[in-house]
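Reading the structure
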Amino acid sequence: MPNIKLINIVGARPQIIKASAISRAIRKHFSNQITEIIVHTGQHYDKEMSEVFFDELEIHKPQYNLGVGSAGHGRQTSLMITGIEEILIKEKPDCVLLYGDTNSTLAGALAASKLHYPVIHIEAGLRSFNKSMPEELNRIMSDHSSTLLFAPTNAAFKNLMSEGFRPENSPPYTISNPKIYLTGDIMYDNTLFFAGLAEKKKDKFLEGLSLIRNNYVLVTIHRDTNTDDITVLNKILVTLKTLAEEKDIILVMPFHPRTIISLKTWLGKLYEDLKNCAHIKIIPPVSFLEMILLEKNCRMIVTDSGGVQKESHFFKKPCLVLRKETEWIELVNNGTAKLVGSDPDLIRKEFLNFMDSDPGFEYPAFYGNGKTAEFILNEILLMFEKE
Ligand code: UD1
Ligand code: UDP
């Protein structure tokens, strides 16, 4: 087997969590063959959006942190490209590994592909078919800059084929002759691995929040379409508050800083009402193990997060998706996730449906066998062996 240098690019919270699955698999199975360098763009920087994950998930600290921080899309992405390019020129890696669909993903894809370093994209092929989402543009451009593309679901694999990617391509793989794979989801690897560890914190954590199993609903909101339009954010939160009071159930809201900033800036009165409401607990972002506990023990999940949608499935919880479309379409087809957008009537209808009925849902294994990171790393090594 060859010995390769791999640059692992992270920036936003979910990418740090995803990178932990890859880092763990390298440590466990490939430490003699893969040297990993972690580059953090600094897109997320608050302790609870970044550092907490490095500590808790035992990923080594990034060798580089570009400290880019928050800015408009153009400035943020261009600072990342500049920083990543300098690191690539210095480190001369064999390949660059990217996750998902954030500006950090796009910056890594552009910097690496233009310097002719092979890009490996994990979570390739996901599409919302809504190009007004910044993430949709990031996904498409990253996929089309990649050499190895790992699609986590059948739907994602099919999307790649319909965009012209060919599964039958044979080595040597390049950006012009890319290879696509249907794999599972590395986040499922993580859930299986960390759920047991989370259990040890369970009693203290849930008691600390005065939460009882099955007696609360977990809510996360961070999409620009929901946080940056105050009418939309107001509609969603007022509807959820009314439902919580009516059904006498607690809503736990570990909110992204973006949502808190919008509330404080534009919806001060509502923010006060929510903080004073006995049925609502707005809390700072939690660690991944704490999030697992919140997901595993809740009655239902309401979210606009991609990752949290999937985790609702891993923990067999029904999920209201505060979006009009989703990349994780198998969840909707399964009937266990409902697309409700920000429509108060739809939110109400589906919330009550999930609360009042016990439909005995099935949660099929859509996301692999928990060994996806290992599979991906093996395929990466094979690419270099064949060269
Ligand atoms: C980004 C990704 C989104 C992903 C999400 C995961 C893009 C375009 N979007 O969205 O796909 O789902 O991360 O969480 O890349 N902020 C802080 N502290 C932080 C980070 C952000 O206060 O540590 C605030 C800033 O006001 C910032 C805002 O959140 O302007 C948005 O942050 P940004 O990274 O631009 O986008 P996210 O909404 O986090
Ligand atoms: N998450 C977390 N703490 C939180 C909120 C989310 O650890 O307070 C985890 C969640 O379990 C999932 C990931 O972060 O694994 C999802 O990130 P986010 O919702 O920010 O982004 P998305 O998945 O939508 O890109």
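Cut-off values and rules
Residues numbered from 1 in each chain as written. Chains lettered and ligands numbered in written order. Predicted model: local features only at pLDDT ≥ 70, side-chain atom pairs only at ≥ 80, totals over all residues. Heavy atoms only, no water. Phe/Tyr/Trp six-rings, centres within 6.5 Å; stacked < 30°, edge-to-face > 60°. Helix = DSSP H or I, 4+ residues; strand = E, 2+ residues; numbered from the N terminus. Buried < 20%, exposed > 50% of the residue type's maximum accessible area, 1.4 Å probe, protein only. 1 Å grid on protein atoms, 1.4 Å probe; cavity = no way out; pocket = protein on both sides within 12 Å on 5 of 7 lines; lining within 4 Å. Points joined across faces, edges and corners; volume = space filled by probe spheres on them. Nonpolar A, V, L, I, M, F, W, Y, C, P; charged D, E, K, R; others polar. Salt bridge = Lys/Arg side-chain N within 4 Å of Asp/Glu carboxyl O. Near = heavy atom within 4 Å. Polar contact = N/O pair within 3.5 Å; in protein donor to acceptor, adjacent residues only side chain to side chain. Areas by Shrake-Rupley, 256 points an atom, 1.4 Å probe, with all protein chains shown as cover. Pairing = 2+ DSSP bridges. Contact = heavy atoms within 4.5 Å. Axes fitted to C-alpha atoms, helices over the stretch in contact; angles between N-to-C directions. Right-handed = clockwise from strand over helix to strand, strands pointing away.

**Digging into the packing of aromatic side chains**
All told, the structure shown has 11 aromatic pairs when counted by the stated rule. Residues Y181 and F375 carry aromatic rings whose centres are separated by 6.0 Å and whose planes lie at 85° to one another, so their mutual orientation is edge-to-face. Of the two residues, Y181 sits in strand β7 (residues 179-182) while F375 sits in helix α17 (residues 372-386), which places them 194 residues apart along the sequence. Look at Y181 and you get buried, because its relative accessible area is 8%. A connected cluster of aromatic rings, assembled from ring pairs, spans Y188, F314, W328, F366 and Y367.

**With respect to empty space enclosed by the protein**
Any space left empty among the atoms is revealed by the rolling of a water-sized probe across them. This structure, assessed with the given rule, holds one cavity of 30 Å³ or more. Considered as a void within the structure, the largest cavity measures approximately 40 Å³ in volume. Lining the largest cavity, in full, are I122, E123, F150, P152, T183, G184, D185, I186 and I376. Tallied by class, residues from the lining of the largest cavity come to five nonpolar, two polar and two charged.

**Remarks on the pattern of salt bridges**
As enumerated under the stated definition, the model contains 24 salt bridges in all. As a salt-bridge pair, K61 and D55 come within 2.8 Å of each other at their nearest N and O atoms. Counted as one network, the salt bridges with shared partners bring together D101, E136, R139, R323, E325 and E327.

**Focus on the site of ligand 1**
Taken together, 20 residues form the shell around ligand 1, and within it H44, N103, E135, H256 and R258 come nearest. Between H222 and ligand 1, the recorded distance is 2.8 Å, taken from a side-chain N or O atom to an oxygen atom. Contact with the protein chains covers 87% of the free accessible surface of ligand 1, which is 750 Å². At the level of elements, α3 (73-91) and α11 (257-266) are the ones that each hand at least two residues to the shell around ligand 1. Partitioned by chemical class, the residues of the shell around ligand 1 number six nonpolar, nine polar and five charged.

**Observations regarding the site of ligand 2**
Near ligand 2 lie 19 residues; those nearest to it are R13, V286, S305, G307 and E311. Within the side chain of H222, an N or O atom sits 3.4 Å from an oxygen atom of ligand 2. Within the side chain of E311, one N or O atom sits 2.6 Å away from an oxygen atom of ligand 2. For ligand 2, whose unbound accessible area comes to 520 Å², protein coverage reaches 94%. Contributing elements (two or more residues each) for the shell around ligand 2: α1 (13-30), α13 (288-297) and α14 (306-314). For the shell around ligand 2, the element with the highest residue contribution is α14, accounting for four residues. When grouped by side-chain class, the residues that make up the shell around ligand 2 number 10 nonpolar, five polar and four charged.

**Considering the sheet that holds strand β2 (residues 34-40)**
In spatial order, the strands read β3-β2-β1-β4-β5-β6-β7; together these seven strands make up an open sheet with parallel pairing. Each edge of the open sheet carries a strand with a single partner, namely β3 (64-65) and β7. For strand β5 (residues 119-122) and strand β6 (residues 148-151), the ladder comprises three bridges, and the chain directions are parallel. The residue bridging I120 from the neighbouring strand is L148, located in β6. Those strands touched by helix α4 (residues 103-114) are β1 (4-10), β4 (95-99) and β5, and its axis lies near 160° from that of β4.

**Thoughts on the pairing of β6**
Taking every second residue as pointing to the same face, both faces of β6 are buried, with L148 and F150 on one and L149 and A151 on the other. One crossover worth recording links β5 to the parallel β6 by way of helix α5 (residues 134-143), and it is right-handed. With four bridges joining them, β6 and β7 adopt parallel strand pairing. The residue bridging L148 from the neighbouring strand is K179, located in β7. With helix α6 (residues 154-162) bridging β6 and its parallel neighbour β7, the resulting β-α-β unit is right-handed.

**A few points about the environment of C298**
Note on placement: C298 falls in the loop between α13 and β11 (300-303). The class for C298 is buried, based on a relative accessible area of 0%. For C298 and F193, which are 105 residues apart along the polypeptide, the C-alpha to C-alpha distance reads 20 Å. With residues up to four places along the chain from it excluded, the contact list for C298 reads N214, Y216, L218 and K317.

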